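These are the residues of each chain, in order.
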Amino acid sequence: MKLQRKNRRALALGALAASGALALTACGSDNNSSNGGSGGSSSSAAAAPSSVKCDNAKGQLQASGSSAQKNAIDAWTTQFGGACKGVQINYNPTGSGAGVTAFLQGQTAFAGSDSPLKPEQITKSKSVCSGGQAIDLPMVGGPIAVGFNVPGVDSLVLDPATIAKIFNGKITNWNDAAIKKLNPSAKLPDLKIQAFHRSDESGTTDNFTKYLIATAKSDWPYTGGKAWQAKGGQSAQGSSGLAQQVKQTPGAISYFELSYAADGIKTVDLKTGAATPAKATVDNATKAIASAKVVGAGKDLALKLNYEPTEAGAYPLALVTYEIVCDKGNKAATLPTVKAFLNYTASEDGQKLLTNASYAPIPDEIIAKVRTTIAGLS
């Protein structure tokens, strides 16, 4: 998107201007290389809200991971940089899998992931979190949109079984009887379906397939995870890559965060247990996320989502992006910047920014626990 490209160019210039600042990393790493960035301080930064508390934050902070939250990070770092002069938050949207790997290798201050840590990853984190371990802090919510490009079709309803069969190569044409049954008034063309999935390891893929496993297991016989497991289909890098393929390919269908569908891509309405199909909107995703349960142990706030809601409008194909940090053992020079930035993202003002960027704020009861946990990081 043009606006996003302009933002990235502006942020890159800010990173260059601050390149002489003190570079900081977390969890004992001294590797300060950066492949990309977000945010930073400049005289043109937007006026920061009063909730930004710099609290001794300084220098550059390296982070990477989920591309799903990239637009949210951009909004946060613009505000944070406006208040905390000389601070640079460099966030590289490498994907959840790569972000977690970099964090566990001690290369970054925190990681963004659309899936909570696995037990073996928590165990491994103890080598970089001295005296502690990595924890999941839910920070960004939102719908995973199923975007489509079917000439002559502006509205499309699909159920979990049909989505599973499409992405598993069992339904291959847009005028298939199963799609017609769900869309009796649509003029479905005799057109081959072009199903696109992520080529990189992705928390979005993990959440998308968790939904299919929970709601259409017989049609999606896979174990799930960040790597795509089904055979066939076509692939692209990152959520932006999938969105671009849908936009330019007649017959295409794929999955990505709602913010990537803002450039004119039509999205599927999901048939749920409610009387009316649920649209992919921020408010509808919030309805579904509100029924999530905290299943992490101790300070870990990993959530279990409800994929089969019956509430009207609740859109169950949602994800939550976690910021992954050390609960204890953060590098002393890094800790003030990590806490200051995460305190702002979890604040009322920080969460309010999410809606304008097509994300869903974390429900009040859960985000209150996140704030308490951030205050105790050491």
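Quick notes on the rules
Residues numbered from 1 in each chain as written. Predicted model: local features only at pLDDT ≥ 70, side-chain atom pairs only at ≥ 80, totals over all residues. Heavy atoms only, no water. Helix = DSSP H or I, 4+ residues; strand = E, 2+ residues; numbered from the N terminus. Buried < 20%, exposed > 50% of the residue type's maximum accessible area, 1.4 Å probe, protein only. Contact = heavy atoms within 4.5 Å. Areas by Shrake-Rupley, 256 points an atom, 1.4 Å probe, with all protein chains shown as cover. Core = buried A, V, L, I, M, F, W, Y, C linked by side-chain atoms within 4.5 Å. Polar contact = N/O pair within 3.5 Å; in protein donor to acceptor, adjacent residues only side chain to side chain. Disulfide = S-S within 2.5 Å. Pairing = 2+ DSSP bridges. Axes fitted to C-alpha atoms, helices over the stretch in contact; angles between N-to-C directions. Parallel < 35°, antiparallel > 145°, perpendicular 65-115°, else oblique. Left-handed = near helix turned anticlockwise from the far one by under 90°. Nonpolar A, V, L, I, M, F, W, Y, C, P; charged D, E, K, R; others polar.

### So, the overall build of the protein
Looking only at helices and strands, the protein features 12 helices and 14 strands. Taking all 378 residues of the protein together, the buried fraction comes to 55%. Of the contacts formed within the protein by residues at least 6 apart in sequence, a portion of 78% connects residues at least 24 apart. Working note: accessible area of the protein is about 15,200 Å², and carbon and sulfur atoms make up 51% of it.

### So, the nonpolar core
Residues Phe 80, Phe 167 and Ile 253 are the most contacted members of the largest nonpolar core, which totals 95 residues. Those residues in contact with Ile 253 that sit more than four places away from it in its chain are Val 146, Gly 147, Phe 148, Leu 158, Ile 166, Phe 167, Trp 174, Ile 193, Gln 194, Ala 195, Phe 196 and Val 246. Core analysis: the next-biggest nonpolar cluster, separate from the first, contains 11 residues, Phe 103, Leu 104, Leu 117 and Ile 324 among them.

### A look at the side chain of Ser 115
Positionally, Ser 115 belongs in the loop between β4 (110–113) and α4 (119–125). Within the local environment of Ser 115, its side chain forms a polar contact with the side chain of Asp 206, the two groups lying 2.5 Å apart. Excluding residues that lie within four positions of it along the chain, Ser 115 makes contacts with Asp 136, Gly 203, Asp 206, Asn 207, Lys 226 and Tyr 322.

### Details of the state of the cysteines
Among covalent bonds in proteins, the disulfide is the one between the sulfur atoms of two cysteines. Going through the model one piece at a time under the given rule, you end up with two disulfides. Put simply, Cys 129 and Cys 326 are joined by a disulfide, and their sulfur atoms are 2.0 Å apart. Residues Cys 129 and Cys 326 share a disulfide whose torsion about the S-S bond is about -70°; that sign makes it left-handed. With Cys 129 in the loop between α4 and β5 (134–149) and Cys 326 in strand β14 (residues 318–326), the pair connects residues that are 197 residues apart, well separated along the chain. Taking relative accessible area as the criterion, Cys 326 reaches 0% and is therefore assigned buried.

### Quick notes on unusual backbone geometry
The phi angle at Asn 56 is positive, at roughly 70°, despite the residue not being glycine. As for its position among the elements, Asn 56 is in the loop between β1 (23–24) and β2 (59–65). The backbone of Ser 358 shows a phi angle near 65°, a positive value even though the residue is not glycine. By secondary structure assignment, the location of Ser 358 is in the loop between α11 (348–356) and α12 (364–375). Overall, Ser 358 belongs to the partly exposed group, its relative accessible area being 23%.

### With respect to the pairing of β14
By the criterion of burial, β14 is predominantly enclosed, with nine of the nine residues buried. Residues Ala 318, Val 320, Tyr 322, Ile 324 and Cys 326 point to one face of β14 and Leu 319, Thr 321, Glu 323 and Val 325 to the other, with burial holding for every one of them. Pairing of β4 with β14, which is carried by three bridges, proceeds in the antiparallel orientation. Pairing of Ala 111 across the sheet is with Ile 324, part of β14. Both β5 and β14 contribute to a ladder of nine bridges, which runs antiparallel. Residue pairing for β14: Pro 138 is matched across the bridge by Tyr 322.

### Observations regarding the packing of helix α2 (residues 70–83) against α11
In the contact formed by α2 and α11, the axes pass within 9 Å of each other and the chain directions differ by 135°. Between α2 and α11, the interaxial angle falls into the category oblique. By crossing handedness, the relation of α2 to α11 is classed as right-handed. For the pair α2 and α11, contact is made by Ala 72, Ala 75, Trp 76 and Gln 79 and by Gly 350, Gln 351, Leu 353 and Leu 354, respectively. For the contact of α2 with α11, a count of residues per class yields five nonpolar, three polar and no charged.

### Remarks on the packing of helix α10 (residues 335–346) against α11
It is at 4 Å that the axes of α10 and α11 come closest, and there the two elements cross at 60°. As judged from the angle between their axes, α10 and α11 are oblique. Residue-level contacts link Tyr 344, Thr 345 and Ala 346 of α10 to Glu 348, Asp 349, Gly 350, Gln 351 and Leu 353 of α11. Counted by class, the contact of α10 with α11 contains three nonpolar, three polar and two charged residues.

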